[in-house]
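Residue-level listing of the chains:
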Amino acid sequence: MNSRRYHLTTFGCQMNEHDSERIRGVLEEDGWQPVDDPESADLLLFNTCSVRESAENRLLGRLGEARRLKNERPDRLIALAGCFAQSRQSEIFDQLPFLDIAFGPRNIGELPELIDAVSTSTGSRAYSFDDNPSLSGALPSRRLDRHRAWVQVMTGCTNFCSYCVVPSVRGPERSRKELNIIDEVKALVDDGVVEVTLLGQNVNSYGLDLEGGMAGDRRFASLLAELDAIEGLQRVRFTTSHPKDLSPALVEAIRDVPVVCEHIHLPVQSGSNRVLERMNRGYTREHYLKLIDSLYTAVPEIAITTDIIIGFPGEKEEDFYRTMTLAGECRFDGAFTFLYSARTGTEAAALTGLIPPGTMKRRMGELVGLIQQTALAKNESLVGTTAEVLVEGASRHGGGQWRGRTRTNKIINFSAAETGEPPAAGLLTPVQIDSATSTTLRGRQD
Ligand code: 5AD
Ligand code: SF4
């Protein structure tokens, strides 16, 4: 045991947030203690992202501080984890001379050994980037949320969208066995968790790489049904889904399996077939619209969110307007909108026809305005109805307000009923919706 202290900063997506929970779990099992202040840490860790240039720029900004802290106390360790470390493995130690340790998303379990290696030999560096499936078993995890948990059902991605670094940094799709997942969820429920979010880069192709049994397209739906049988589990979410693998069986599961929440995150990326093809997405605009139609038909109250990339190389004005009309037709509840950024090593990095920054920004403004309109219209249509809310705690705005989420994943701030059980984190309670903005609801406990 030791009483050394670490400070961890996370960049990027939910998958990275969950990886950070495991980095914490592995470190704390090894006797390390978390601290909020980097100045008082013996180990500074950065869990990095390289999906877009903006995340890399934020990281590089923070590394200036790490260099200063290393100079101040040379025995302090600096470590880079995650996708940026993996994708730049051959050059990071040259570019960042103050770095001691680097490892990829598949090497979290090796962290204690890497720390030992640099601690026992001054001036040395340690790294691990190899894909070693035998090491990617269940790792201890330190959750930051008591009632909600992420559960990784698969790692990697085998889609090779032409703009994306994920397949090259996280490797091919690999699904965990159902039994392992179910055991993990049961243990989480025993520990007080009421909501799990199943994580995978392409979660609805879960099981396509597993042997035996049912047809691939039923496997994820059947996993959802098995989770429904776990007593005490109240909500199951899953992300991210790929339109190319969204099967009717999954749509039926959202409709029929009680524990599955009425929300899907279904990245479309573009509404133009020409762009979709160049992105190597494997579906057309028409196919996507059909999926949306089948989701609304099966589950009329479903919330649908998406990811859209603006300014993919060669995106003409007419392509962009096809994205606009698609977004209007889909009535999205929200969208993450990204300016295209070229990533080294991806197929799209070689494409010509880069879009000028001014054009990108104008298109982004128009699209964000439209999404706000559809999201507001959908949220306003909920005013007067009552929703089941999972309480997260006191509202950040104070004033005796509480905060929680609906099954459709909308944030709601609400006042407590004067009688009955007071709201407490982890409680499910009905809330009457009184007003709405494009991003939040407001109401009172019923
Ligand atoms: N440029 C811009 N956005 C990207 N994304 C992934 N790669 C890039 C890129 N090179 C977006 C996609 C994906 C989300 C996680 O990030 O929309 O769905
Ligand atoms: Fe990247 Fe496409 Fe895989 Fe998503 S599905 S992680 S965008 S390659």
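Whatever comes next refers back to the structure up there.
Residues numbered from 1 in each chain as written. Chains lettered and ligands numbered in written order. Predicted model: local features only at pLDDT ≥ 70, side-chain atom pairs only at ≥ 80, totals over all residues. Heavy atoms only, no water.

S.K.: Help me understand the site of ligand 1, please; the structure alone is not making it clear to me.
M.R.: Looking at ligand 1, the residues that line it are Val 51, Arg 52, Tyr 163, Gln 269, Asp 307, Ile 309, Phe 338, Leu 339, Tyr 340, Ser 341 and Arg 343. A distance of 3.1 Å separates a nitrogen atom of ligand 1 from a polar atom in the backbone of Tyr 163. Asp 307 is positioned with one of its side-chain polar atoms (N or O) 2.6 Å from an oxygen atom of ligand 1. For ligand 1, whose free accessible area comes to 400 Å², the fraction covered by protein is 86%. Contributions of two or more residues to the shell around ligand 1 are made by strand S13 (303-310) and strand S14 (334-339). Taken together, the residues of the shell around ligand 1 break down into six nonpolar, two polar and three charged. (Near = heavy atom within 4 Å. Polar contact = N/O pair within 3.5 Å; in protein donor to acceptor, adjacent residues only side chain to side chain. Areas by Shrake-Rupley, 256 points an atom, 1.4 Å probe, with all protein chains shown as cover. Helix = DSSP H or I, 4+ residues; strand = E, 2+ residues; numbered from the N terminus. Nonpolar A, V, L, I, M, F, W, Y, C, P; charged D, E, K, R; others polar.)

S.K.: Any chance you could explain the site of ligand 2 here in plain terms?
M.R.: The environment of ligand 2 is formed by Cys 157, Asn 159, Phe 160, Cys 161, Tyr 163, Cys 164, Val 166, Pro 167, Gln 201, His 242 and Arg 281. In terms of residue class, the shell around ligand 2 is made up of seven nonpolar, three polar and one charged.

S.K.: Explain unusual backbone geometry here, please?
M.R.: Excluding glycine, residues mostly carry a negative phi; peptide bonds, for their part, are mostly trans. The amide bond that connects Thr 239 to the next residue, Thr 240, takes the cis arrangement and shows omega of 5°. Mapped onto the fold, Thr 240 is located in the loop between strand S11 (235-239) and helix H9 (248-256). Positive phi outside glycine occurs at Arg 331, with the angle close to 45°. As for its position among the elements, Arg 331 is in the loop between helix H12 (317-330) and S14. Take Arg 331: its relative accessible area is 40%, and that puts it in the partly exposed class. (Buried < 20%, exposed > 50% of the residue type's maximum accessible area, 1.4 Å probe, protein only.)

S.K.: Just checking my understanding: could you explain helix H2 (residues 53-72) for this structure?
M.R.: When the terminal C-alpha atoms of H2 are compared, their 29 Å separation across 20 residues agrees well with the 28 Å that a helix rising 1.5 Å per residue should span. Among all positions in H2, only Ala 55, Glu 56, Leu 59, Leu 63, Ala 66, Leu 69 and Lys 70 are buried. Residues of H2 that are buried in the fold lie against strand S3 (43-48), strand S4 (77-81) and helix H3 (82-87). (Expected span 1.5 Å × (residues − 1). Contact = heavy atoms within 4.5 Å.)

S.K.: Even after reading the chapter, I still don't get the pattern of salt bridges, so can you show me in this structure?
M.R.: Working definition: two side chains of opposite charge can pair if their charged atoms are close together. Across all of its chains, the model carries 35 salt bridges by this definition. Note that Arg 237 is salt-bridged to Glu 195, the shortest N-O span being 3.1 Å. Residue Arg 237 is found in strand S11, and its partner Glu 195 is found in strand S10 (residues 195-199); the two are separated by 42 residues along the sequence. Assessed through its relative accessible area of 8%, Arg 237 is described here as buried. (Salt bridge = Lys/Arg side-chain N within 4 Å of Asp/Glu carboxyl O.)

S.K.: Would you take a moment to explain the sheet that holds strand S6 (residues 126-128) for this structure?
M.R.: Strand order in this open sheet of six strands is S2-S1-S3-S4-S5-S6, and the pairing throughout is parallel. Each edge of the open sheet carries a strand with a single partner, namely strand S2 (33-34) and S6. By the bridge criterion, five bridges tie S3 to S4 in an arrangement that is parallel. If you follow Leu 44 over to S4, its bridge partner there is Ile 78. Of the strands in this sheet, strand S1 (5-10), S2, S3, S4 and strand S5 (101-103) are in contact with helix H1 (residues 14-29), which crosses S1 at around 170°. Here H2 sits on the sheet and contacts S1, S3 and S4; the angle it forms with S3, its principal contact strand, is near 165°. (Pairing = 2+ DSSP bridges. Axes fitted to C-alpha atoms, helices over the stretch in contact; angles between N-to-C directions.)

From the geometry alone we can't say anything about function, so treat these as descriptive.
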